[in-house]
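Chain by chain, the residues:
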Amino acid sequence: MMRLSGRLRSSLIIGGQGIRARKLRTLLSMVSLFLGVLAVVVVQAGASIAEHALLSEAELTQGKDGTRQLFLPTEGGALPVTLDTLRGRSDAVAAIQSMAIIGEPRVRPVNPGAGRIDDPAGSGPEVVCDPRGCHQVGDAAEAPPGKAIALQLTALTGDIRTFRPFRPYAGQWLDFSSAPSLSPRIVLNREAAKGFARYHVPAQMRIDGATADATPRIIGVVDDGGYQPAAYVRADELLNWLPETALAGDRGASMLVLSSPDATAVERTLRARLVGAGMAPDAIHVETLDARGHARTELAIMRWIFLGMAGLVLLIGVAGILNVGLATVGERIEEFALRRAVGTPRSLLAGIVLSETLLTGLLTAAAAIGVSAVALRAVGAVLGDRVPLLQGIVFPWQAGVAGVVAGLVAGLLGGFIPALRAARIPIATVMRA
Amino acid sequence: MTSPLIELTGITKTLKGQGEPRPILSGVDLTVHGGESVAILGRSGSGKSTLLSLIGLFDRPDGGRYMLGGRDITRLPERKAAALRSAQFGFVFQRFFLLKHLTAAQNVAMALVNGQGWLPRRKRRAKVMAALDQVGIAHLAKQRPPRMSGGEQQRVAIARALVREPGILLADEPTGALDTETGKLVIGALHAATERGCGLILVTHDRDHAARMGRVLQLDGGVLNPVTEPVIERVGA
Ligand SMILES: Nc1ncnc2c1ncn2[C@@H]1O[C@H](COP(=O)(O)OP(=O)(O)OP(=O)(O)O)[C@@H](O)[C@H]1O
Ligand SMILES: [Mg+2]
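Thresholds, definitions, all that
Every residue gets a number counted from 1 within its own chain, in the order that chain's sequence is written. Chains carry letters and ligands carry numbers; both start at the beginning, A for chains and 1 for ligands, and go up in the order they are written. Two thresholds apply to this predicted model, a pLDDT of at least 70 for residue-level local features and 80 or more for giving and counting side-chain atom pairs, whereas whole-chain, interface and lining totals are computed over all residues. Calculated side-chain values reflect all of the structure's heavy atoms, with hydrogen atoms and water omitted. UniProt positions are given in the numbering used here, feature names are shortened, and annotations may be inferred rather than shown by experiment. By the convention used here, residues are in contact when the closest approach between their heavy atoms is within 4.5 Å. When two parts are put together, the accessible area they lose, computed with a 1.4 Å probe and summed over both, is reported as buried area. Definition used for salt bridges: Asp or Glu carboxyl oxygen within 4 Å of a side-chain nitrogen of Lys or Arg. Whenever two N or O atoms come within 3.5 Å, that pair is a polar contact, provided that in protein one can donate a hydrogen and the other can accept it, and provided that, for residues adjacent in sequence, both atoms are side-chain atoms. Where helices and strands are cited, they refer to DSSP runs of H or I of at least four residues and of E of at least two residues respectively, numbered from the N terminus. Charged means Asp, Glu, Lys or Arg here, nonpolar means Ala, Val, Leu, Ile, Met, Phe, Trp, Tyr, Cys or Pro, and polar covers whatever is left, Gly included. Only a single heavy atom is needed: when it lies within 4 Å of a molecule or strand, its residue is near that molecule or strand. Surface accessibility in these figures is a Shrake-Rupley result with a 1.4 Å probe; residues are shielded only by whichever protein chains are displayed. Categorising residues by exposure relies on relative accessible area from a 1.4 Å probe, with only protein chains included: less than 20% of the type maximum marks a residue as buried, more than 50% marks it as exposed, and the intermediate range marks it as partly exposed. Here, nonpolar core refers to any group of buried Ala, Val, Leu, Ile, Met, Phe, Trp, Tyr and Cys residues whose side-chain atoms link them within 4.5 Å. Domain borders in the structure are assigned automatically or taken from a domain database. In this analysis, strands are considered paired if DSSP registers two or more bridges between them.

If you check an unreviewed UniProt entry, chain B appears there as ABC transporter ATP-binding protein from Planosporangium thailandense.

Labelled according to an unreviewed UniProt entry, chain A appears under the name ABC transporter permease, originating from Planosporangium thailandense. Entered under Subcellular location (unreviewed entry) in the UniProt record, the comment concerning chain A runs "Cell membrane". If you open the UniProt record of chain A and go to Sequence similarities (unreviewed entry), you find "Belongs to the ABC-4 integral membrane protein family."

Below, the structure is given as C-alpha cells:
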C-alpha cells in the first residue's frame, strides 16, 4: 500500500513536471488528436440522436417494444368476438380503423381521402380495389366542395396509450371507465385539430356504412406521431350509432389488437374464440414489435461507415501523438537514464510516459466532448423551433463514453512505443558520455 | 572491522561495440569498507567508468562475484537493483546531469521522488535543504541550473547523491569539467561526506585529488593494482 502510493505519487510529480516543461508539445499533441476524437464523438452523438428519434416515433405510431400486434380481418364474425373478448380489459386493446368525414353532409371534404390539411391536393379521392373492381371511397368525387374534414377514425376497446404513449396536447384523453355516452366523445390528433381550427366545421360525423350521422364531442387533442388527420373514439360509444356490420364491411376498415407481452391468456382465449367463429388459424398474424432492433440494424451500417472514417481521422491523431512521444523520449534519454540511476524503476518510467499520453488523450476527449455539447445546445436553441427533433435535445451520454474511449485508445496507441523505448534506455552508456 | 561494504572478486566484463568484442575488465578485485575513500587512476579507455557502472549496478559483470554488505548481488534482477541504487548508492558524474527545467532543490529531490518509498513534502524539503547546506549552496535552492556556475552545478549533483544518505558515493571524474580551484572545492565536499561515514570511490585523472583519498588504485590491463608510495609522493610533490 505504502509502496504503491509512493509510486503513484512519484509518477504524478514526475509526469506533472514533464508536462509543465513541455506545455506546447502537449498542446500540439492535443491539436493533432482533437479532430479524430471530435469525429468519433459527433458520429456517436448523431447515431444516438437518430436512434432516439426513430424509437420515439416508432413508439407513437406502432407501439412500445415488446408489444404484440394481432392483425385481424373485420368480417366473418371476427369483430363481435374480439369486442366481446376484450371488453373491459386494459392489457389487450382492439383498434378498429375506418374512414369518417366530419362536417357538412354531401360535400367533398377539404382533404379527400384524409390527406394532410396543408397539402390536400396530394391525396385526392381514395380508391379501394377488391375482387369486384376498383371504386372510390367516401362521397362521390363530383360532390360539391364544402366544409368537411376527412379523417381516419380509430375505435378503441381500451386505453391504447398503454402501448402507444400519445402525448397530450390539449383537453382530455378518452375515459374508458365511465358509462358510454350517447354522443361519442372524440380526441383528435394534431393534424386533424389543425383542420378544425382552420375551417368552421359543423359537428356531424359520417362513417362509411352508418345508417345515421353522429354528433361527436371533441374533448381533446393528442400528438400521435401521425401525419394524417385522425380521431380516436371509444368503440362502444361509436357502436351506439352504427351496427357492427358497418365496420365489418369491405370498405377499408381494419382491426388491430395490441397486447402486452404477458397477456398470453387473453391472446389464447381470443385466438380460440376466433377459430371457433370459423376463422382459419393461419389468418391470425402475430407480430412482436422490435423498433429498437429495427432502428439498430437500420443505423448500424451507417454508423460503422462513419465510425470507420472517424477512426481513420483518429489514426492520424495517433500518429501525431506517437511522433511527438518518440521525439520527447529521444529528447529525455538523459533524464530517463539519470532517473534510473537514482533508483527509479523502469516500469515507473514507462508508466509515466504512458500516463502523459493518456492524460493528453483524456484532455482532448474532454475538449471534444465540451465543444460538441455546446455546439449541440446552440443548434438546438437556434433550430429547435423549426426541427422538432432538435427540441430540448440533450447530449447523449453514449457520445461522451465514445469520446473518452477514443481519447484513451489514442493515448494508449500513441504512448505505448515511446513508453517501451523509455524503459529500455541503458544507464551505463548514457552516463559514460 | 565489520564485513566489507563492497567486495569484488575476479570481476570480468567484455563490451561488444560494432567490431570485435573487447575484454575491458579481466579479473578486478576490490574491497571497500564503510567510510573508506578509494581513488582509481588509469589511462583513458582503461575501463574505469565501466567498473564504476558495474559497482553502481547500472550493468552486470560477465564473471566474478559482487558482495554488497555481505550479500551476493552478482546476478540481481533489475527491479531489486533499482531499489539498491536508490538506497545504497550516490552518483556524481563528470557532466553534472541536472535537469534544466527544475530548480536546484527539485533536482536534488529527484533522488527522493523515484518510486522507492515516499516522504511527505515537508520532510522531503528538510532533507533537500540539509543536503544543499552540506555542500554549501543552500542559498541557491530556487535557482535553475542554466543560471549556476559549473562548480555550483556539480555541488547540486553531489547534494542529489547525498540526499538519501547512501552507504557509498561513486564519483566518475567529478572535477573533469572544472578549473583547479573549483575542483578542490568539489573534492572537499566529497571528502566531507566520507567523514560522516560514507564510503567513496573516486575515479580521477588528477593525482592531487587521488592523493587525498585513503587508498589509491590503478586500473591497468583490466585489473586493479595498488599504486606504490613513491608514485603518490612523486605526484603529490
Ligand atoms: N557500449 C560499448 N561497447 C563497446 N565498447 C565500449 C562501450 N562503452 C565503452 N566501450 C569501450 O570500453 C573501453 C572502456 O571505456 P570506459 O568508458 O570504461 O573507459 P574510461 O577508463 O572511463 O575512460 P575515460 O578515462 O576516458 O573516461 C573504451 O575503450 C571504450 O571504447
Ligand atoms: Mg570514464
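Alright, that's what it looks like, and here's the rest.
Chemist: Summarise the interface of chain A and chain B; cite the residues concerned and give the values.
Modeler: With 28 residues of chain A at the contact, the number on the chain B side is 29 residues. Between chain A and chain B the total buried area reaches about 2600 Å² when both faces are included, carbon and sulfur atoms providing 63% of it. On inspection of chain A and its partner chain B, the count reaches 2 salt bridges. Of the charged contacts in the structure, one is a salt bridge between E78(B) and R340(A), with a shortest N-O distance of 2.7 Å. On inspection of chain A and its partner chain B, the count reaches 6 residue pairs in polar contact (both at pLDDT 80 or more). Residue contributions to the side of chain A that touches chain B peak at 10 residues, all from helix 1 (residues 2-21) of chain A. Classifying every residue of the side of chain A that touches chain B gives 14 nonpolar, 5 polar and 9 charged.

Chemist: Give me the site of ligand 1: which residues, what numbers.
Modeler: Inspection of the region around ligand 1 gives 17 residues, with R432(A), S44(B), K48(B), S49(B) and T50(B) positioned closest. In this structure ligand 1 sits where residues from chains A and B come together. In this structure, S49(B) approaches ligand 1 through a side-chain N or O atom, which is 2.7 Å from an oxygen atom. The fraction of the free accessible surface of ligand 1 (640 Å²) that becomes covered by protein chains is 72%. Of all the elements in the fold, those that place two or more residues in the shell around ligand 1 are helix 12 (427-432) of chain A together with strand 1 (6-16), strand 2 (21-32) and helix 1 (48-55) of chain B.

Chemist: Give a detailed account of the environment of R155(B), specifying residues and quantitative values.
Modeler: Residue and element names in this part refer to chain B. Mapped onto the elements of the fold, R155 is located in helix 5 (residues 150-162). Of the residues examined, R155 reaches a relative accessible area of 14% and is grouped as buried. Measuring from C-alpha to C-alpha, the distance between R155 and V92 comes to 9.3 Å, with 63 residues separating the pair along the chain.

Chemist: Describe the nonpolar core, and please don't skip the residues or the numbers.
Modeler: Grouped together as the largest cluster of nonpolar side chains are 53 residues, with contacts concentrated most on M431(A), I6(B), L8(B), I55(B), Y66(B), F89(B) and I201(B). A105(B), L112(B), A131(B) and V227(B) belong to the second largest nonpolar core, which has 42 residues in total.

Chemist: Account for the domain arrangement of chain A, with residues named and values stated.
Modeler: In terms of domain boundaries, chain A breaks down into domain 1 (2-60 + 293-432) and domain 2 (68-288). Computed over C-alpha atoms only, the centres of domain 1 of chain A and domain 2 of chain A are separated by 55 Å.

Chemist: I'd like a rundown of the pairing of strand 5 (residues 148-156) of chain A, residues and numbers included.
Modeler: Residues and elements named next belong to chain A. Buried residues dominate strand 5, accounting for 8 of its 9 residues. Here strand 2 (residues 92-103) pairs with strand 5 via 9 bridges, running antiparallel. What sits directly across from I101, in strand 5, is A150. One ladder, built from 5 bridges, connects strand 5 with strand 10 (residues 230-234); its direction is parallel. Within strand 10, the residue paired with Q152 across the bridge is A230.

Chemist: Can you break down unusual backbone geometry residue by residue, with the values?
Modeler: Residues and elements named next belong to chain B. Backbone geometry places F97, a non-glycine residue, at a positive phi of 55°. Assignment of secondary structure puts F97 in the loop between strand 6 (89-92) and helix 3 (104-109). By relative accessible area, F97 is classed as buried at 6%. Phi angles above zero are rare outside glycine, and E165 is one such case at about 50°. Locating E165 in the fold gives a position in the loop between helix 5 and strand 7 (168-172).

Chemist: So what's going on with the pattern of salt bridges? Which residues, and what values?
Modeler: Residues and elements named next belong to chain A. Taken as a whole and assessed by the stated rule, the structure comprises 25 salt bridges over all chains. Across the pair R273 and D84 runs a salt bridge whose closest N-O atoms are separated by 2.9 Å. In this pair, R273 is assigned in helix 7 (residues 264-276) and D84 in helix 3 (residues 78-86), connecting sequence segments 189 residues apart. The exposure class of R273 is partly exposed, given its relative accessible area of 35%. For E335, the salt bridge is made with R332, and the minimal N-O distance between the two is 3.1 Å. Of the two residues examined, E335 and R332, each falls in the buried class. Through salt bridges with shared partners, a single network forms among R185, R234, D236 and E237.

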